[in-house]
Amino acid sequence: MQIFSILLDVVGPVFLIAFVGYLWARAGKPLDGTFVAVLVNTVSTPCLVIDTLTRSGLTFSILGTVGLAAVLTLLISAGLGYLLVQAMGGKVQTYLPSMIWSNGGNMGLPMSLFAFGDKGLALAIGFFALSSMTNYTFGRAIAAGGMKFTDLVRMPIIWAIIIALLLIWTGLSLPPIVARSLNLLGGLTVPLMLMSLGYSLASLRIASWQRSLVFALARLLGGFAIGWGVALLLGLEGVARGVVVIQSAMPPAVLNYLWAATYGNEPEEVAGIVVLSTLISVALLPVFLWTVI
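Residues numbered from 1 in each chain as written. Predicted model: local features only at pLDDT ≥ 70, side-chain atom pairs only at ≥ 80, totals over all residues. Heavy atoms only, no water.

**Thoughts on a nonpolar patch on the surface**
Next up, step 1: A contiguous nonpolar patch, built from F60, F149, V153, W159, I162, I163, L166 and W169 and spanning about 860 Å² of accessible area, is present on the exposed surface.
Next up, step 2: Contributing elements (two or more residues each) for the nonpolar patch: helix 6 (149-153) and helix 7 (156-170).
Next up, step 3: If one sorts the elements of the nonpolar patch by residue count, helix 7 sits on top with five residues.
Next up, step 4: Summarising the element assignment, I162 is placed in helix 7. (Patch = residues over 30% accessible without salt bridge, like charges linked within 9 Å, V, L, I, M, F, W, Y side chains within 5 Å. Areas by Shrake-Rupley, 256 points an atom, 1.4 Å probe, with all protein chains shown as cover. Salt bridge = Lys/Arg side-chain N within 4 Å of Asp/Glu carboxyl O. Helix = DSSP H or I, 4+ residues; strand = E, 2+ residues; numbered from the N terminus.)

**Concerning the side chain of R219**
Next up, step 1: Secondary-structure assignment places R219 in helix 10 (residues 208-234).
Next up, step 2: Of the side chains bearing the opposite charge, E269 lies closest to the buried R219, which forms no salt bridge; the N-O distance is 16 Å.
Next up, step 3: Within the structure, R219 has its side chain in polar contact with the backbone oxygen of M250 (distance 2.8 Å).
Next up, step 4: When sequence neighbours within four positions are dropped, the list of residues in contact with R219 reads S77, S98, M99, I100, S102, S248, M250, P251 and P252. (Buried < 20%, exposed > 50% of the residue type's maximum accessible area, 1.4 Å probe, protein only. Lys, Arg positive; Asp, Glu negative; His and termini not counted. Polar contact = N/O pair within 3.5 Å; in protein donor to acceptor, adjacent residues only side chain to side chain. Contact = heavy atoms within 4.5 Å.)

**Some thoughts on unusual backbone geometry**
Next up, step 1: Although it is not a glycine, E266 adopts a positive phi angle of roughly 45 degrees.
Next up, step 2: In this structure, E266 sits in the loop between helix 12 (254-263) and helix 13 (267-292).
Next up, step 3: Judged by its relative accessible area of 27%, E266 is partly exposed.

**Let's talk about the environment of G117**
Next up, step 1: Checked against the element boundaries, G117 lands in helix 5 (residues 108-144).
Next up, step 2: When the C-alpha positions of G117 and I76 are compared, they lie 28 Å apart, and in sequence the two are 41 residues distant.

**Thoughts on the pattern of salt bridges**
Next up, step 1: Within the structure shown, the criterion is met by one salt bridge.
Next up, step 2: The shortest N-O distance in the salt bridge between R55 and D51 comes to 2.9 Å. Taken together, the residues span about one helical turn, with R55 and D51 both in helix 2 (residues 33-55) at a distance of four residues.
Next up, step 3: For R55, a relative accessible area of 59% gives the class exposed.

**Overview of the environment of L194**
Next up, step 1: Looking at the secondary structure, you find L194 in helix 9 (residues 189-201).
Next up, step 2: Separated by 170 residues in the primary sequence, L194 and W24 have C-alpha atoms spaced 12 Å apart.
Next up, step 3: For L194, the contacting residues outside a window of four places in its chain are V14, I17, A18 and V254.

**A few points about the packing of helix 5 against helix 12**
Next up, step 1: Between helix 5 and helix 12, the shortest axis-to-axis distance is 9 Å and the interhelical angle comes to 40 degrees. The pairing of helix 5 with helix 12 is recorded here as oblique in orientation. Relative to helix 12, the crossing made by helix 5 is right-handed. In this structure, helix 5 uses N135, Y136, G139, R140, A143 and A144 to contact helix 12, whose residues at the interface are L255, N256, W259 and Y263.
Next up, step 2: Residues of the contact of helix 5 with helix 12, tallied by class, amount to six nonpolar, three polar and one charged. (Axes fitted to C-alpha atoms, helices over the stretch in contact; angles between N-to-C directions. Parallel < 35°, antiparallel > 145°, perpendicular 65-115°, else oblique. Left-handed = near helix turned anticlockwise from the far one by under 90°. Nonpolar A, V, L, I, M, F, W, Y, C, P; charged D, E, K, R; others polar.)

**Here's the deal with the side chain of T137**
Next up, step 1: Structurally, the position occupied by T137 is in helix 5.
Next up, step 2: In this structure the side chain of T137 is engaged in a polar contact, spanning 2.9 Å, whose partner is the backbone oxygen of M133.

Geometric descriptors of this kind do not, in isolation, establish any biological role.
Okay, here's the thing in structure tokens:
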């Protein structure tokens, strides 16, 4: 029962905030998805990255512990996800990011802390940081249908990651006024993305639920199997194995929806996958946790 209570605390706000966006759309109120996407991409998310990473206690040694496992899970997910998208006749730019990148932040971190304590949280942060960096680069490139090096250089998130890593490496701290400002601006990211996601759900076609369900189950069950296989391949045991499996088995990251909305890749389809997989995860995650604890 404690596991379900923790899951409800983690998943509940996700649905409630998305539901606000859904009701907003049903009431006929305006919400400019392009404005939200630009604001989140260029302002709030870079602030969130610097704020989160510099306050997380992350070290380069932690990144090294789970880095190889994270890379392998992402690569295997990309290969198998691509085959599934092709078999389902879907658009790679729309569906593939959701098959690769999971919600290792909002859900994966608290789950790892609950199951494995502070050591599990530290390892989960390392996994999440690497996954996030690749999502903001390769994930965006997939959604955009390609990206030039000059495009990457101009991405605020890249500079935010560099600044955060430099601060971690040097042990320096930001001035309190700057740190608080970053925290406030970064706090806009998740609510804005979730409201925009819920707004998009109002136009979700009934016919698309079947396809969304297939991709949702593939993300959860396939992610669990991939995480377990990678942990076995690398000989990981105990907390390290558990963190890799749990992080790999999370629902798709909400960021995948943001990419779909930014580049016009059927965002309502991605919204369906995110919502369905998050809902199904409430039933599956206790089983996943039981296998690794």
